[in-house]
Amino acid sequence: MAAPNFNLGATWLASANRDPASAIDQWKAGRLADIETGELFNVVRVGDVQKGLAALTDLWQADVSVGPVLHNRADQCVEFLVTTRAATQWDMPKTQLIGRPADEADPLTVAMPAPGVQRLFGRNWLVLPDGERRPTDLGDLAVALRRADARLRHRHP
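Reading the values: the criteria
Residues numbered from 1 in each chain as written. Predicted model: local features only at pLDDT ≥ 70, side-chain atom pairs only at ≥ 80, totals over all residues. Heavy atoms only, no water. Helix = DSSP H or I, 4+ residues; strand = E, 2+ residues; numbered from the N terminus. Buried < 20%, exposed > 50% of the residue type's maximum accessible area, 1.4 Å probe, protein only. Polar contact = N/O pair within 3.5 Å; in protein donor to acceptor, adjacent residues only side chain to side chain. Contact = heavy atoms within 4.5 Å. Phe/Tyr/Trp six-rings, centres within 6.5 Å; stacked < 30°, edge-to-face > 60°. Salt bridge = Lys/Arg side-chain N within 4 Å of Asp/Glu carboxyl O. Pairing = 2+ DSSP bridges. pLDDT = per-residue confidence, 0-100.

What follows concerns the side chain of Asn124. You can see Asn124 is positioned in strand S7 (residues 123-127). Residue Asn124 is classed as buried on the basis of its relative accessible area of 11%. A polar contact of 3.1 Å, which involves the side chain of Asn124, links it to the side chain of Arg73. Among residues more than four places away in sequence, those in contact with Asn124 are Val69, Leu70, His71, Arg73, Gln118 and Arg119.

So, on to the packing of aromatic side chains. All chains considered together, the criterion is met by 1 aromatic pair. Arranged with centres 5.5 Å apart and planes meeting at 40°, the rings of Trp12 and Phe41 form a pair that is tilted. Separated by 29 residues along the polypeptide, Trp12 in helix H1 (residues 6-14) and Phe41 in the loop between strand S1 (33-36) and strand S2 (42-46) bring together distant segments of the chain. In this pair, the class of Trp12 matches that of Phe41, namely buried.

Another point: unusual backbone geometry. Positive phi values are uncommon outside glycine, yet Gln76 reaches one of about 55°. Secondary-structure assignment places Gln76 in the loop between strand S3 (69-72) and strand S4 (77-82). One non-glycine residue with positive phi stands out, namely Lys94, at about 60°. Tracing the backbone shows Lys94 in the loop between S4 and strand S5 (95-98). Look at Lys94 and you get exposed, because its relative accessible area is 57%.

Counted by the stated rule, this structure contains 9 salt bridges. Asp106 is paired through a salt bridge with Arg18; the nearest N and O atoms lie 3.8 Å apart. Here Asp106 is found in the loop between S5 and strand S6 (109-112), whereas its partner Arg18 is found in the loop between H1 and helix H2 (20-28), with 88 residues between them in sequence. Residue Asp106 is classed as exposed on the basis of its relative accessible area of 55%. One salt bridge connects Asp58 with Arg147, and the closest N-O pair in it is separated by 3.5 Å. Placement of Asp58 in helix H3 (residues 49-61) and of Arg147 in helix H4 (residues 138-155) is noted, with a sequence separation of 89 residues between them. Relative accessible area serves as the criterion here: at 7%, Asp58 is assigned to the buried category. On the basis of relative accessibility, which here comes to 41%, the residue Arg147 falls in the partly exposed class. Beyond isolated ion pairs, a larger network of salt bridges with shared partners links Arg18, Glu36 and Asp106.

Attention now moves to the pairing of S3. In regular strands, side chains alternate between the two faces of the sheet. Burial along S3 is two-sided: the face carrying Val69 and His71 and the face carrying Leu70 and Asn72 are both buried. In this structure, the hairpin formed by S3 and S4 is closed by a connection of 4 residues, where Gln76 is found at a positive phi of approximately 55°. Two strands pair when backbone bridges link them, and S3 and S7 are joined in this way by 4 bridges, in the antiparallel orientation. Note that in S7 the partner of Val69 across the bridge is Val127.

Taken residue by residue, the protein gives an average pLDDT of 88. The fraction at 70 or more is 92%. Mean pLDDT per element in the protein: H1 is the minimum at 88, and S4 is the maximum at 97.

So, about the environment of Ala21. Looking at the element boundaries, Ala21 is found in helix H2. Taking C-alpha positions, Ala21 is 9.1 Å from Thr11, a pair spaced 10 residues apart along the chain.

See the structure below:
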């Protein structure tokens with residue numbers, strides 16, 4: 001497996017914004033960049049870190065394509081970049097789907113470090129954007145979250 005290409009990953013991630021150069025400038029200044037959701041990807045924020053990590057393990061074990069994943073220690077959550085397919089029925093406990101608002105208002109954003117940065121303001125990449133990795137399929141993540149939830153409930157009745 002080739003090493004992640006941080007430049008391609010940063011270019012891809014920044015391209016989600018209407019002004020990609022702004023995100024690149026924020027990263028060059030050592031800051032988080034507010035990355036827009038709704039076009040290239042949405043974000044599913046899993047508010048239970050243990051459940052999010054268990055779902056990530058489940059995805060890997062299921063041998064499905066896993067897109068970029070961010071561990072947000074500051075907010076105690078795991079954030080999956082997911083496909084933007086219609087998700088109006090998303091209703092998963094302890095999760096939030098972050099995408100383009102239905103009223104076509106300005107897109108919602110998620111603060112992200114540059115690919116390749118070890119940790120910045122409590123955030124680090126568990127699966128790096130590398131410019132080639134596609135977002136995780138929303139349906140695959142839903143299945144993995146249900147399985148993770150069932151396993152965690154079984155272990156801790």
